[in-house]
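Coordinate analysis (summary)
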Amino acid sequence: MTLTLMKPNETAHEAAFAEAMSRLAGGVAVVTCSRDGRPWGTTVTAVASVSADPPTVLVSLGSTASSADAIAATGRFGISILEQRQQTVARYCSLPGAPKFLEPFTRETRSESPMVSRALAHLDCELVEQLEVADHTVFFGRVRDARSARSGSPLLYFHRDYHRLAAQHTRRDSRGVRP
């Protein structure tokens, strides 16, 4: 394989960049917020932990997305990390241009952000900073509440499709003991 270095002012072709990034597997989450007093969400893989002390995360959303406007206006958002059987929620919240009100998928909690029912985890965040980069806005949130399910496996996104983790097989000897 040969890698070609670019000149400092050049950027990768958009299609080549998208294809390369499709090879990066990521956990699937729904960024939640309130819009017109109703729960709203959008599917993302661009979520990262920034700091454990104080607990801080970031999410990247298209700057013109309804979610981006709602988060900027309210100063609150949530991140529901999806379980492998939640492809329906992921697909619903990723439809371009469609309303993404979450009533069929949320449950009441003490969080200030809507939480997707049966999510692996949910982070309730207060907006502390936002940064415009190209056509996206990166939102930094201080985690005010964190909840996790007792079990489950994550929903993953790789090469433009949803996937599950492969079943883990552990070797055991004839007595059933792991080496």
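So, how was this worked out
- Residues numbered from 1 in each chain as written.
- Predicted model: local features only at pLDDT ≥ 70, side-chain atom pairs only at ≥ 80, totals over all residues.
- Heavy atoms only, no water.
- Pairing = 2+ DSSP bridges.
- Helix = DSSP H or I, 4+ residues; strand = E, 2+ residues; numbered from the N terminus.
- Axes fitted to C-alpha atoms, helices over the stretch in contact; angles between N-to-C directions.
- Contact = heavy atoms within 4.5 Å.
- Polar contact = N/O pair within 3.5 Å; in protein donor to acceptor, adjacent residues only side chain to side chain.
- Core = buried A, V, L, I, M, F, W, Y, C linked by side-chain atoms within 4.5 Å.
- Buried < 20%, exposed > 50% of the residue type's maximum accessible area, 1.4 Å probe, protein only.

Once that is clear, we can look at the sheet that holds strand 5 (residues 55-62). Across the sheet, seven strands lie side by side as 3-2-6-9-10-5-4; this open sheet has antiparallel pairing. On the outer flanks of this sheet lie strand 3 (38-44) and strand 4 (47-52), each paired with one strand and no other. With strand direction ignored, the average angle separating the axes of adjacent strands in the sheet is 35 degrees. Packing of helix 2 (residues 66-74) onto the sheet brings it into contact with strand 2 (29-35), strand 3, strand 5, strand 6 (76-81), strand 9 (121-133) and strand 10 (136-148), and relative to strand 2 it is tilted by some 60 degrees.

Moving on: the pairing of strand 4. Sheet analysis places strand 4 next to strand 5, joined by five bridges and oriented antiparallel. Its bridge partner lying in strand 5, Ala48 is registered against Leu58. Linking strand 4 to strand 5, which pair antiparallel, is a turn of two residues.

Let us look at the side chain of Ser113. As for its placement among the helices and strands, Ser113 is situated in the loop between strand 7 (106-107) and strand 8 (115-116). Polar contacts involving the side chain of Ser113 include one to the side chain of His122, which spans 3.0 Å. Leave out the neighbours within four places in its chain, and Ser113 touches Thr32, Phe77, Gly78, His122, Leu123 and Asp124.

Our next topic: the environment of Ala121. By the element assignment, Ala121 lies in strand 9. When the C-alpha positions of Ala121 and Arg147 are compared, they lie 5.4 Å apart, and in sequence the two are 26 residues distant.

A separate point is the sheet that holds strand 11 (residues 155-158). Judged by pairing direction, the sheet is antiparallel, and its three strands sit side by side in the order 1-11-12 without closing on themselves. At either margin of the open sheet sits one strand with a lone partner, and together these are strand 1 (26-27) and strand 12 (161-164). In this structure, strand 11 lies alongside strand 12, joined through four bridges in antiparallel fashion. Bridge assignment links Leu156 to a residue of strand 12, and that residue is His163.

Before going further, it helps to examine the nonpolar core. Within the largest apolar cluster, 19 residues are counted, with the highest numbers of intra-cluster contacts made by Val31, Leu61, Ile71, Phe77, Ile79, Cys125 and Phe139. With near-sequence residues (within four places) excluded, Cys125 lies in contact with Val57, Gly75, Arg76, Phe77, Ile79, Gly141, Arg142, Val143 and Arg144. Residues Val28, Val30, Ala90 and Phe105 belong to the second largest nonpolar core, which totals twelve residues.

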